[in-house]
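# Observations on chain architecture
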Amino acid sequence: MAHRFDAHSYHIKQSNVSSYAASPNFVPSTAWQHTLTSLEVVNEDEEPFLATIVGRASTYHLRCGPAGNHFSGGMSPLEKTKFQFHICRPVNPELGADFTAAINNLETGKMMCFASKVFTTRVHVKYQAHRQNAVNAPKMDEETRNWPIPDKLVRDFDALKYKFEAHPLPLYHEDHLVQPVHANKILNGAMVEVQFHIQHWRIKDIDSFQATPQKVTIVKLGPIRVPANYKRRIGDEDEEQPESKRTRLNAEASTSKVVSETE
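Residues numbered from 1 in each chain as written. Predicted model: local features only at pLDDT ≥ 70, side-chain atom pairs only at ≥ 80, totals over all residues. Heavy atoms only, no water.

### Regarding the nonpolar core
- One finds Ile53, Phe85, Met112, Leu187 and Phe196 to be the most contacted residues of the largest nonpolar core, which totals 52 residues.
- Among residues more than four places away in sequence, those in contact with isoleucine 53 are Ile87, Phe99, Ala102, Ile103, Met112, Phe114, Val192, Glu193, Val194 and Phe196. (Core = buried A, V, L, I, M, F, W, Y, C linked by side-chain atoms within 4.5 Å. Buried < 20%, exposed > 50% of the residue type's maximum accessible area, 1.4 Å probe, protein only. Contact = heavy atoms within 4.5 Å.)

### Section: the packing of aromatic side chains
- If you walk through the whole model with that rule in mind, you get 6 aromatic pairs.
- Where phenylalanine 119 meets tryptophan 147, the ring centres are 6.4 Å apart and the plane angle is 65 degrees; that geometry is what we call edge-to-face. In this pair, phenylalanine 119 is assigned in strand β6 (residues 119-121) and tryptophan 147 in the loop between α3 (142-145) and α4 (154-160), connecting sequence segments 28 residues apart. We note that phenylalanine 119, like tryptophan 147, is buried.
- Consider the rings of phenylalanine 119 and phenylalanine 157, whose centres lie 6.0 Å apart with planes at 45 degrees: the pair is tilted. Of this pair, phenylalanine 119 sits in strand β6 while phenylalanine 157 sits in helix α4, placing them 38 residues apart in sequence. (Phe/Tyr/Trp six-rings, centres within 6.5 Å; stacked < 30°, edge-to-face > 60°. Helix = DSSP H or I, 4+ residues; strand = E, 2+ residues; numbered from the N terminus.)

Spelled out as structure tokens, the structure:
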């Protein structure tokens, strides 16, 4: 039987944890520090701070499928695509107050948008398409070889897969990594805990925040229930995380027309 999420117990447990963005201990434990290109939140050791926030995943620009936020005919190539999702204020009073406090501490606006690369440049082994059938040729990694890219993007994917490798969104439900083809459905309207790094730019008097998810955990499913085909458990997951990408904030959330469960 699935564990029932207890919002009150979660709120009490996290209230004084310094990594919890809503905690009064969050701001004293962090600082904005300059990097070569931006500002980032760091801890007392001047390392990127891993913050935690809880919110309701919105349908607004929810693009966490195998092709991320890429669309055919766009100006950006497939290798630049990103997983993207927004979270907004939960209905539960305690977690709703926590979300508001976290947003105020982070100074990011009414919502938070998270984004991370779907494909990253291969580092260790260079692949060439014409050598895949040669004797002792390096083999394509399993994740990329089995990536469920939509049929209409197969040609673009074939052109990039020898230079780039696929990385699934670190999205978990009941300790299992959710397959990319099910990510949008299982995220839609769900209560999620997100562990993330955050950076800030100011470009032409416009504040831009980059929130990169390191782990996304479904703590309570939304109103739309789907059977999720899981992949490996958390213990089998590679420790390497996707790189940071730019995000946009202050967007208005669209809501599901399906009546959600009572918080």
